[in-house]
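# Structural features, examined
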Amino acid sequence: MNPTLYVNYSQANCTFTITNDAGGTVGSIAPGAYNVQIATPVQFADGKDRTGLAPTDMSDCLGAVAFQLTG
């Protein structure tokens, strides 16, 4: 079974942390296959209409989860 990376978004400032199966903070990721589990604040799943929000409105990350892992 592949190890899991847990991506946890913060509601307050639109940042995220990545932790491993042991609960430790991940600063770098070794090559290999991983499962990725993403947890977001409730407001990402609330179905709010975000039409018309300013591009600089970071109060709720513009309603989208966005990050990229490469390597």
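Use the structure listed above.
Here we summarise the structure given alongside this text. Quantities reported herein were computed from a predicted structural model and do not represent experimental measurements.

Cut-offs and rules
- Residues numbered from 1 in each chain as written.
- Predicted model: local features only at pLDDT ≥ 70, side-chain atom pairs only at ≥ 80, totals over all residues.
- Heavy atoms only, no water.
- 1 Å grid on protein atoms, 1.4 Å probe; cavity = no way out; pocket = protein on both sides within 12 Å on 5 of 7 lines; lining within 4 Å.
- Points joined across faces, edges and corners; volume = space filled by probe spheres on them.
- Nonpolar A, V, L, I, M, F, W, Y, C, P; charged D, E, K, R; others polar.
- Helix = DSSP H or I, 4+ residues; strand = E, 2+ residues; numbered from the N terminus.
- Phe/Tyr/Trp six-rings, centres within 6.5 Å; stacked < 30°, edge-to-face > 60°.
- Buried < 20%, exposed > 50% of the residue type's maximum accessible area, 1.4 Å probe, protein only.
- Contact = heavy atoms within 4.5 Å.
- Pairing = 2+ DSSP bridges.
- Axes fitted to C-alpha atoms, helices over the stretch in contact; angles between N-to-C directions.

### Re the layout of surface pockets
Its volume calculated, the largest pocket comes out at about 170 Å³. Forming the walls of the largest pocket are 10 residues, and the residues nearest its centre are Ile29, Ala30, Gly32, Tyr34 and Thr70. Per-class residue counts for the lining of the largest pocket are 7 nonpolar, 3 polar and no charged.

### Section: the environment of Val7
The topology assignment puts Val7 in strand S1 (residues 4-9). A sequence separation of 29 residues divides Val7 from Val36, and the C-alpha atoms of the two residues are 7.2 Å apart.

### Focus on the packing of aromatic side chains
Inspection of the entire model under this criterion finds 1 aromatic pair. Where Tyr9 meets Phe16, the ring centres are 5.3 Å apart and the plane angle is 40°; that geometry is what we call tilted. On the basis of relative accessibility, which here comes to 9%, the residue Tyr9 falls in the buried class. Classification of Phe16 by relative accessible area gives partly exposed; the value is 35%.

### Here's the deal with the environment of Ala39
With respect to the helices, strands and loops of the structure, Ala39 is situated in strand S3 (residues 35-39). Excluding its chain neighbours within four sequence positions, the residues that come into contact with Ala39 are Val7, Asn8 and Tyr9.

### Quick word on the sheet that holds S1
The mixed open sheet is built from 3 strands, whose spatial order is S2-S1-S3. Of all strands in the sheet, those with a lone pairing partner are strand S2 (16-19) and S3, marking the two edges. The average angle at which neighbouring strand axes cross in this sheet is 20°, direction not considered.

### Focus on the side chain of Thr4
With respect to the secondary-structure elements, Thr4 resides in strand S1. Accessibility expressed as a relative area gives 14% for Thr4, which makes it buried.

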